[in-house]
Amino acid sequence: MVASLALLASAATTAADLALDIRDASGNPIADAVVYALPAGEAPPARAGTRTVIDQVDKTFVPRVSIVQAGTQVFFPNSDNIRHSIYSFSPAKIFTTKLYSGREAAPVLFDKTGLVVLGCNIHDTMVAWLFIVDTPWFARSGTNGLVTLKSIPNGEYTITTAAPAGGFRAREMHVLVDGSDASPVRIPVVLEAGS
Amino acid sequence: MSIRNCRLAGLLTLLLAGASATSFAQAPPARVPPPAIAPTGSLYSRLGGTSVVTGFVADTIDKVAASPEMKRSFDKVNLQHVKDMLTEQICALTGGGCLYTGDTMRDVHAGHHITDAEFFGLVEALRESMRNRHVPLAARNQLLEILAPMKRDVVKL
């Protein structure tokens, strides 16, 4: 569904913060939802050496949901004392990497956009979701369902909100960002269940 | 035993409620199964070949994974993966013609702090499972002799 939304504010006039309030149909806040803003034109690419960490703790991935810009190296430090064998069959990155106890594994480069679902060959309850997007403007919601995209340059954007860990359907909105508007707004987003 | 990158055995099933806004685009590469007919004269054939070995391996893992003394190492572990790899390893070690594609015993057990009691518990479970499947005494003992040196790579790591 597409909704045109009002202009948003910030101290600068050439950019604005986008604050969202993400809830389910019953009004409960949704944690671990990712939000990203795709500009109408080209977004700046990821700086060389951009990296993030997805850890393995007590046979779970931490964090469970991540979002990175294409070109990011992901490190899997394996804080568990036992080995893991991480893999994905998602088209954006098909790979396996062994994480041995006491040995540091090489990072994995994610350079194609898409959603990557991670699993472990050894511990089949382990699952994580990794979004790879073509924009540096993204964030993840906390337990209160609130999230802010900071300093988005003025312009038109498609904002996508996704929460796969809870089984919600992703949602897109079109937003015009204009920092010269004085009134701050928190955009409510309701996600529906289903795939 | 040869060391290779572990091949992916079986599809992961996502059982989390409401999960999976996405599905896997393709199945994992197929594991090469153990042979239908065991090479003549091999210990593998004297153990009973693929159907018997697969059977007593499954029985052994099910038993230890349920046993109060040993089950901690199997918490959240994909038991089918363990069974596939152990069957493949026994097949490779006993002349069955398989290529073992799993990790070394050291890498598999590192960090688990397996005790002597747990190790011997698994050996006992294996012995009993083979007996229940009517594996002859000589073949049972030969397999256990082959596996015994692994203790130093399994215990207290």
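On a predicted model such as this, the values are computed, not experimentally measured, just so you know. Throughout, a residue's number is its position along its own chain's written sequence, starting from 1. Note on labels: chains are lettered from A, ligands numbered from 1, in written order. Note on the predicted model: pLDDT of at least 70 is required for a residue's local features to be given, and 80 or more for side-chain atom pairs to be given and counted; whole-chain, interface and lining totals, by contrast, use all residues.

**Some thoughts on the pairing of strand β10 (residues 95-99) of chain A**
Residues and elements named next belong to chain A.
No. 1: For two strands to pair, DSSP has to find at least two bridges joining them. Helix numbers and strand numbers start at the N terminus; a helix is a DSSP run of H or I with at least 4 residues, a strand a run of E with at least 2. For strand β9 (residues 84-88) and β10, the ladder comprises five bridges, and the chain directions are antiparallel. Paired with isoleucine 86 across the two strands is threonine 97, which belongs to β10.
No. 2: Turn length for the β9-β10 hairpin, with the two strands adjacent in sequence and antiparallel, is six residues.

**Here we look at the sheet that holds strand β11 (residues 108-110) of chain A**
One key point about sheets: their strands pair by backbone hydrogen bonds, in either a parallel or an antiparallel sense.
All names here are of chain A.
No. 1: Strand order in the open sheet made by the three strands is β4-β8-β11, with mixed pairing throughout. Two strands in the sheet have a free side with no partner beyond their single neighbour: β4 (51-53) and β11. Pairwise comparison of adjacent strand axes, ignoring direction, gives a mean angle of 30 degrees for this sheet.
No. 2: Taken together, the three bridges between strand β8 (residues 72-75) and β11 define a ladder with antiparallel strand orientation. When the sheet's bridge partners are listed, glutamine 73 is paired in β11 with leucine 109. Every axis in this analysis is a line fitted to C-alpha atoms, fitted for helices over the stretch in contact. Angles between the N-to-C directions lie between 0 and 180 degrees.

**Overview of the domain arrangement of chain A**
All names here are of chain A.
No. 1: Taken domain by domain, chain A comprises domain 1 (4-43 + 137-190) and domain 2 (51-133).
No. 2: Summarising the inter-unit geometry, the C-alpha centres of domain 1 and domain 2 are found 26 Å apart.
No. 3: Each residue is represented by a C-beta atom placed from its backbone, and any two residues with such atoms within 7 Å are regarded as in contact. In this complex, domain 1 contributes eight residues to the contact, which on the side of domain 2 involves six residues.
No. 4: Sorting the residues of the side of domain 1 that touches domain 2 by element identifies β3 (34-39) and β14 (138-140) as the ones contributing at least two each. Where each domain starts and ends follows an automatic or database-derived domain assignment.

**Focus: helix α2 (residues 49-66) of chain B**
Residues and elements named next belong to chain B.
No. 1: A helix's residues, less one, multiplied by 1.5 Å, set its expected span. Here α2 is 18 residues long and its end C-alpha atoms lie 26 Å apart, about the 26 Å a rise of 1.5 Å per residue gives.
No. 2: Exposure in this text rests on C-beta crowding, where 20 or more other C-beta atoms within 10 Å of a residue's own make it buried, 12 or fewer make it exposed, and counts in between make it partly exposed. The C-beta atoms are placed from the backbone. Looking at α2, one finds that the buried residues are Thr50, Val53, Phe56, Val57, Thr60, Ile61 and Val64. The arc enclosing the buried residues of α2, seen along the axis, measures out at 145 degrees, which places them on a common side. Relative to its buried face, α2 has exposed residues pointing more than 90 degrees away, namely Ser51 and Ala66. Our arc is simply the arc of the directions from the helix axis toward the C-beta atoms.

**Some points on the sheet that holds strand β18 (residues 186-191) of chain A**
All names here are of chain A.
No. 1: Read from one edge to the other, the open sheet built from three strands follows the order β15-β2-β18, with strand pairing classed as mixed. In this open sheet, the two strands that pair with only one neighbour each are β15 (146-153) and β18. For this sheet, the mean angle separating the axes of adjacent strands, direction not counted, is 30 degrees.
No. 2: Judged from the six bridges that link them, strand β2 (residues 15-24) and β18 form a sheet pairing that is parallel. Pairing of aspartate 21 across the sheet is with proline 188, part of β18.

**Some remarks on helix α5 (residues 116-132) of chain B**
All names here are of chain B.
No. 1: Taking 1.5 Å per residue as the helical rise, α5 with its 17 residues ought to reach 24 Å, and the 24 Å between its terminal C-alpha atoms agrees with that figure.
No. 2: Three or more residues of α5 are buried, namely Glu118, Ala125, Leu126, Ser129 and Met130. One face of α5 carries all of its buried residues, which in axial projection span an arc of 130 degrees. Exposed side of α5, more than 90 degrees from the buried face: Asp116, Ala117 and Phe120 are the residues found there.
No. 3: Next to the buried residues of α5 lie α2 and α6 (137-147).

**Topic: the confidence of the model for chain B**
All names here are of chain B.
No. 1: Each residue carries a pLDDT score, the predictor's confidence in it, ranging from 0 to 100. On average, residues of chain B carry a pLDDT of 85, and 81% of them reach 70 or more.
No. 2: In the model, residues 1-27 has pLDDT below 50 throughout and makes 54 contacts with residues more than four positions away in sequence or in other chains.
No. 3: The complex model carries a pTM of 0.83, and its ipTM stands at 0.78.

**Thoughts on the packing of α2(B) against helix α3 (residues 79-93) of chain B**
All names here are of chain B.
No. 1: Orientation of α2 relative to α3, taken along the N-to-C sense of each, is 135 degrees, at an axis distance of 9 Å. The orientation of α2 with respect to α3, classified from their angle, is oblique. By crossing handedness, the relation of α2 to α3 is classed as right-handed. Each of Val53, Thr54, Val57, Ala58, Ile61 and Ala65 in α2 lies in contact with α3, whose residues at this interface are Leu79, Val82, Lys83, Leu86, Thr87, Ile90 and Cys91.
No. 2: Residues are sorted three ways: Asp, Glu, Lys and Arg are charged, Ala, Val, Leu, Ile, Met, Phe, Trp, Tyr, Cys and Pro are nonpolar, and all the rest, Gly among them, are polar. Classifying every residue of the contact of α2 with α3 by side-chain character gives ten nonpolar, two polar and one charged. Roughly parallel refers to an angle under 35 degrees, roughly antiparallel to one over 145, roughly perpendicular to one between 65 and 115, and oblique to any angle outside these ranges. Definitions for this section: a left-handed crossing has its near helix turned counterclockwise from the far helix by less than a right angle. A right-handed crossing has that turn clockwise.

**Points about the nonpolar core**
Residues and elements named next belong to chain A.
No. 1: Counting residues in each nonpolar core, the largest one holds 50 residues, and the members touching the most others are Leu130 and Phe131.
No. 2: Looking at this core element by element, the count peaks at seven residues for strand β13 (residues 127-133).
No. 3: Two domains share this core, each providing at least three of its residues, namely domain 1 (4-43 + 137-190) and domain 2 (51-133).
No. 4: Setting aside residues no more than four positions away along its own chain, phenylalanine 131 makes contact with Val34, Ile67, Leu115 and Ala162. For this analysis, nonpolar core means a set of buried Ala, Val, Leu, Ile, Met, Phe, Trp, Tyr and Cys residues linked through C-beta atoms within 7 Å.

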